[in-house]
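Architecture and fold: a report
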Amino acid sequence: MLDLRTVRKHFGRLAAVAGVSLRVEAGEIVGLIGPNGSGKSTLLSTIAGAYCPDDGEILLDGQPIGGLAPDQIFARGLARSYQDPSLFFRMSALDNALLPARNQRGERARQALWRGRWWGQERANTAEAAAILHDLKLEARAQAPAADLSGGQMKLLEIGRTLMGEPRLLLLDEPTAGVAPGLAYTIFEEIERMRRLHRLTFLIVEHRLEILFDFVDRLYVMHLGQVIADGKPAEIEKNALVREVYFGE
Ligand SMILES: Nc1ncnc2c1ncn2[C@@H]1O[C@H](COP(=O)(O)OP(=O)(O)OP(=O)(O)O)[C@@H](O)[C@H]1O
Ligand SMILES: [Mg+2]
C-alpha cells in the first residue's frame, strides 16, 4: 500500500531523512521507532505532504504521491495524527470530529444557501461523529471545547477524527505521548479495533516500546535519518545495533 524508495528530506545542511526505503502492506500495523531527532516525524510529514521530499519516491497503491499537496494525499485515503495534538481547541470535540467528512455540501457556496440541500447530510455526519465519540468513550465530552479534554482524550479524539475522512492508511505520530499508562494501552486496543472494523492500515511512531511491541506486525528502526533495522518485534529486541543506538547498551 505504501512504498518509500530512498526518500530524502533536508533542512538546510541537516539530512533529517537521509534515504529511507520502507514498505507497508495493506492491513498491517507497522511501527517506526528510533531515538529523539532520528527523523521519524519528518518522515511522516513528508509522506503526508506537509513537506515535499528532496529526492526519492513515495508510492501509495503504486501511484507516486511525493510532492502532492496534503489535501490531495488525504483525498487518496491517507490521514495522519500529530505528535502534539493538532485540534481546533476552541471548537467542541464533536465539531472537531465533523471536520474531515468528505464532500460536505454545506461547504459549497451555492449549496450552502439552501438549507434543504445539506441538512440531511449534516445530520447523518453528526450521527456518525457522535458514534465515533461514543466508541472512544468521549460522548460525555462531545460539547466541551477540545482544549478542556485531558491529554489522552485529545490523542483519542485526534485518532477518532481521522475516521470521519474514511481513510485507508493512517500515520500516527506518538499516539500515546503524554498519556497515562492505563489509557495508553487502551489507545492501542482502539487502534487494533479500528484496524479490524474499518480494514485500516497503520504506520505508527511510538516511544513506548513495551506497548508498541504487543500490537505491531513489523517495525522499522531509524537512526540519524536512516533505517538501520527492520523486522518483527522479537527480532528487533535482539538486534545488537538497535540496542546500542536505541537503548544505549
Ligand atoms: N522544521 C524543521 N526545521 C529544521 N530542522 C528540523 C525541522 N523539523 C525537524 N528538524 C530536525 O530534524 C531532525 C529530525 O527531527 P524529527 O522531529 O523528525 O525527529 P523525531 O525522530 O520525530 O524525534 P522525536 O522522537 O524527538 O519526536 C532533528 O535534528 C530536528 O531538530
Ligand atoms: Mg517526532
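Here the structure is shown first, and the text comes after it.
Report follows, based on the coordinates. On a predicted model such as this, the values are computed, not experimentally measured, just so you know.

Rules used in this analysis
Residues numbered from 1 in each chain as written. Chains lettered and ligands numbered in written order. Predicted model: local features only at pLDDT ≥ 70, side-chain atom pairs only at ≥ 80, totals over all residues. Heavy atoms only, no water. Helix = DSSP H or I, 4+ residues; strand = E, 2+ residues; numbered from the N terminus. Rg over C-alpha atoms; globule rule 2.2 N^0.38 Å. Buried < 20%, exposed > 50% of the residue type's maximum accessible area, 1.4 Å probe, protein only. Contact = heavy atoms within 4.5 Å. Areas by Shrake-Rupley, 256 points an atom, 1.4 Å probe, with all protein chains shown as cover. Near = heavy atom within 4 Å. Polar contact = N/O pair within 3.5 Å; in protein donor to acceptor, adjacent residues only side chain to side chain. Donors = N, O, S within 2.8 Å, 3.2 Å for Na, K, Ca; no water. Patch = residues over 30% accessible without salt bridge, like charges linked within 9 Å, V, L, I, M, F, W, Y side chains within 5 Å. Salt bridge = Lys/Arg side-chain N within 4 Å of Asp/Glu carboxyl O. Core = buried A, V, L, I, M, F, W, Y, C linked by side-chain atoms within 4.5 Å. Expected span 1.5 Å × (residues − 1). Axes fitted to C-alpha atoms, helices over the stretch in contact; angles between N-to-C directions. Parallel < 35°, antiparallel > 145°, perpendicular 65-115°, else oblique. Nonpolar A, V, L, I, M, F, W, Y, C, P; charged D, E, K, R; others polar.

**Brief notes about the overall build of the chain**
- The secondary structure content of the chain amounts to 10 helices and 10 strands.
- For the chain, whose C-alpha radius of gyration is 19 Å, the value lies close to the compact-globule estimate of 18 Å for 249 residues.
- Once the C-alpha set of the chain is aligned to its principal axes, its extents read approximately 60 × 40 × 30 Å.
- The proportion of buried residues among the 249 residues of the chain is 48%.
- In the chain, of all internal contacts separated by at least 6 residues, the share reaching a separation of at least 24 is 67%.
- Accessible area of the chain: about 12200 Å², with a carbon and sulfur share of 50%.

**Focus: the site of ligand 1**
- The environment of ligand 1 is made up of 15 residues, and the closest members are Gly-37, Lys-40, Ser-41, Thr-42 and His-207.
- Contacts to ligand 1 include Ser-41, whose side-chain N or O atom sits 2.8 Å from an oxygen atom.
- A distance of 2.9 Å separates an oxygen atom of ligand 1 from a polar side-chain atom of Gln-83.
- Here ligand 1 loses 63% of its free accessible area of 640 Å² to cover by the protein chains.
- Elements with a contribution of two residues or more to the shell around ligand 1: β2 (14-24) and α1 (40-48).
- Per-element accounting of the shell around ligand 1 gives the leading share, 3 residues, to α1.

**Examining the coordination of the magnesium ion (ligand 2)**
- Within the first shell, the magnesium ion (ligand 2) binds the protein through Ser-41 (OG) and Gln-83 (OE1), at distances of 2.0 to 2.2 Å. Note that Ser-41 is positioned in helix α1 and Gln-83 in the loop between β6 (78-80) and α3 (93-98), a separation of 42 residues in sequence.
- Exposure remark for Ser-41: the relative accessible area of 24% places this residue in the partly exposed category.
- Look at Gln-83 and you get partly exposed, because its relative accessible area is 34%.

**Some thoughts on a nonpolar patch on the surface**
- A contiguous nonpolar patch, built from Phe-11, Leu-14 and Tyr-51 and spanning about 280 Å² of accessible area, is present on the exposed surface.
- The residue Phe-11 is located in strand β1 (residues 2-11) in this model.

**What about the nonpolar core?**
- Within the largest apolar cluster, 46 residues are counted, with the highest numbers of intra-cluster contacts made by Ile-33, Leu-157, Ile-191, Phe-202, Ile-204, Leu-212 and Ile-236.
- Among all residues touching Leu-212, those that are not within four sequence positions of it are Gly-31, Ile-33, Phe-188, Ile-204, Glu-206 and Leu-219.
- Listed in part, the 24 residues of the second largest apolar core include Val-30, Ile-47, Leu-203 and Met-222.

**Notes on α1**
- Counting buried positions along α1 gives 8 out of 9 residues, so the element sits mostly inside the fold.
- Considered for burial, the residues of α1 that qualify are Lys-40, Thr-42, Leu-43, Leu-44, Ser-45, Thr-46, Ile-47 and Ala-48.
- Looking at the residues trailing α1, positive phi occurs at Gly-49, about 95 degrees.

**Some thoughts on helix α7 (residues 181-198)**
- End to end, α7 covers 26 Å across 18 residues, agreeing with the expected 26 Å (1.5 Å per residue, within 8%).
- Ala-184, Ile-187, Phe-188, Glu-190, Ile-191, Glu-192, Met-194 and Arg-195 are the residues of α7 that are buried.
- For α7, the elements touching its buried residues are β3 (29-33), α5 (115-135), α6 (151-163), β7 (169-173), β8 (201-205) and α8 (209-215).

**Here we look at the packing of α6 against α7**
- Where α6 contacts α7, the axes come no closer than 10 Å and their chain directions differ by 10 degrees. In terms of orientation, α6 and α7 fall into the roughly parallel class. Facing α6, whose interface residues are Gly-152, Gln-153, Lys-155, Leu-156, Ile-159 and Leu-163, α7 presents Leu-183, Ile-187, Glu-190, Met-194 and His-198.
- Considered class by class, the residues forming the contact of α6 with α7 number 6 nonpolar, 3 polar and 2 charged.

Geometric descriptors of this kind do not, in isolation, establish any biological role.
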